[in-house]
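Fold and geometry: a report
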Amino acid sequence: LEKRYGLGQPMYVQYFKWIGNFLRGDMGMSFEWNKPVKSLVGQRLALTFAISFSALIIHWIIAFPVGILSAVRQYSIGDYVFTAIAFIGAAIPHFLMALVAMWYVYQATGANITGLFSPGFREASWNLAKVVDLLKHMWVPVVILGFLGSAGLMRTMRAMMLDELHKPYVITGRAKGLSEGRLLMKYPVRVALNPFVSTVGWSLPGLISGTTIVAIVLGLDTTGPMLYHALMNQDMFLAGS
């Protein structure tokens, strides 16, 4: 094993040997799974990206209209309610919401919502029935990550809208007789979207890393639990990839 994996060589030699093979598409063999790391990562990366991207869409669906409404109706009851929800969402850990969701669904329906597939579909080949089964299980982590992660975007949209609503071009638009809805969507919303869109750059990596604990709690077949087990078992090729 030392000769095969170069474990008897100095650390910097091992690293450059690994990075050289990595650039050629060879990620090595997993010690624990005894399979090529490339195939293990490829199987779970698609599921991780599907969950993270779906949660990002939920981010936008919630944060975009709520942020605009809170800014337009500043200091109204709705603004206070949405602000409270945003702070609660930012304060609750993802894994705690996952545990609460598991308990509630089990108490209400008796169904176990852990995992991404039913037992009969876990080892089955991909077909329409397996995709439908995946969608039945995927909504739980997507809703948890999407709802709790939208708090920051909601506050960003609200702050940018409040900054734009008091600028002279908005007052000029109202003076020219533009309807309030057209005025909002044509001018301040378009300007306020600039930092809103730029947050996608760090939201998606944050979602991918944030799914690790949720995936462990819910038993999801994503990259998070695999990375955790690789680190715990010192599976260096899998953990490094």
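Going by the structure above, here's the rest.
Residues numbered from 1 in each chain as written. Predicted model: local features only at pLDDT ≥ 70, side-chain atom pairs only at ≥ 80, totals over all residues. Heavy atoms only, no water.

Glancing now at the environment of Gln 234. In this fold, Gln 234 is placed in the loop between helix H11 (223-232) and helix H12 (236-240). Using a relative accessible area of 65% as the deciding quantity, one classes Gln 234 as exposed. Sequence separation between Gln 234 and Glu 32 is 202 residues; the distance between their C-alpha atoms is 9.0 Å. (Helix = DSSP H or I, 4+ residues; strand = E, 2+ residues; numbered from the N terminus. Buried < 20%, exposed > 50% of the residue type's maximum accessible area, 1.4 Å probe, protein only.)

So, about the pattern of salt bridges. Here the idea is simple: oppositely charged side chains can pair when their charged atoms come close. Taken as a whole and judged by the stated rule, the model has four salt bridges. Linking Lys 167 and Asp 163 is a salt bridge whose minimum nitrogen-to-oxygen distance equals 3.9 Å. With its nearest N and O atoms 2.9 Å apart, the salt bridge here joins Arg 174 to Glu 180. For Glu 180, a relative accessible area of 37% translates into the label partly exposed. Among the ionic contacts, a cluster of salt bridges with common partners joins Asp 163, Glu 164 and Lys 167. (Salt bridge = Lys/Arg side-chain N within 4 Å of Asp/Glu carboxyl O.)

Moving on to the packing of aromatic side chains. For the coordinates displayed, the defined rule picks out six aromatic pairs. Ring plane angle 65° and centroid distance 6.2 Å describe the contact between Tyr 169 and Tyr 187, whose orientation is recorded as edge-to-face. On the criterion of sequence distance, the pair formed by Tyr 169 in helix H7 (residues 168-175) and Tyr 187 in the loop between helix H8 (180-186) and helix H9 (188-198) is long-range, its members being 18 residues apart. A relative accessible area of 29% places Tyr 169 in the partly exposed class. Judged by relative accessible area, which is 31%, Tyr 187 ranks as partly exposed. (Phe/Tyr/Trp six-rings, centres within 6.5 Å; stacked < 30°, edge-to-face > 60°.)

With that settled, the discussion passes to the nonpolar core. One finds Ile 51, Leu 116, Val 140, Ile 144, Leu 218 and Leu 220 to be the most contacted residues of the largest nonpolar core, which totals 20 residues. Counting residues per element, the ones that place at least two in this core are helix H3 (37-72), helix H5 (94-109), helix H6 (128-165) and helix H10 (200-218). Per-element tally for this core: the top contributor is H6, with seven residues. Residue contacts for Leu 220: discarding those within four places in its chain leaves Ile 51, Gly 115, Leu 116, Pro 141, Ala 215 and Pro 225. (Core = buried A, V, L, I, M, F, W, Y, C linked by side-chain atoms within 4.5 Å. Contact = heavy atoms within 4.5 Å.)

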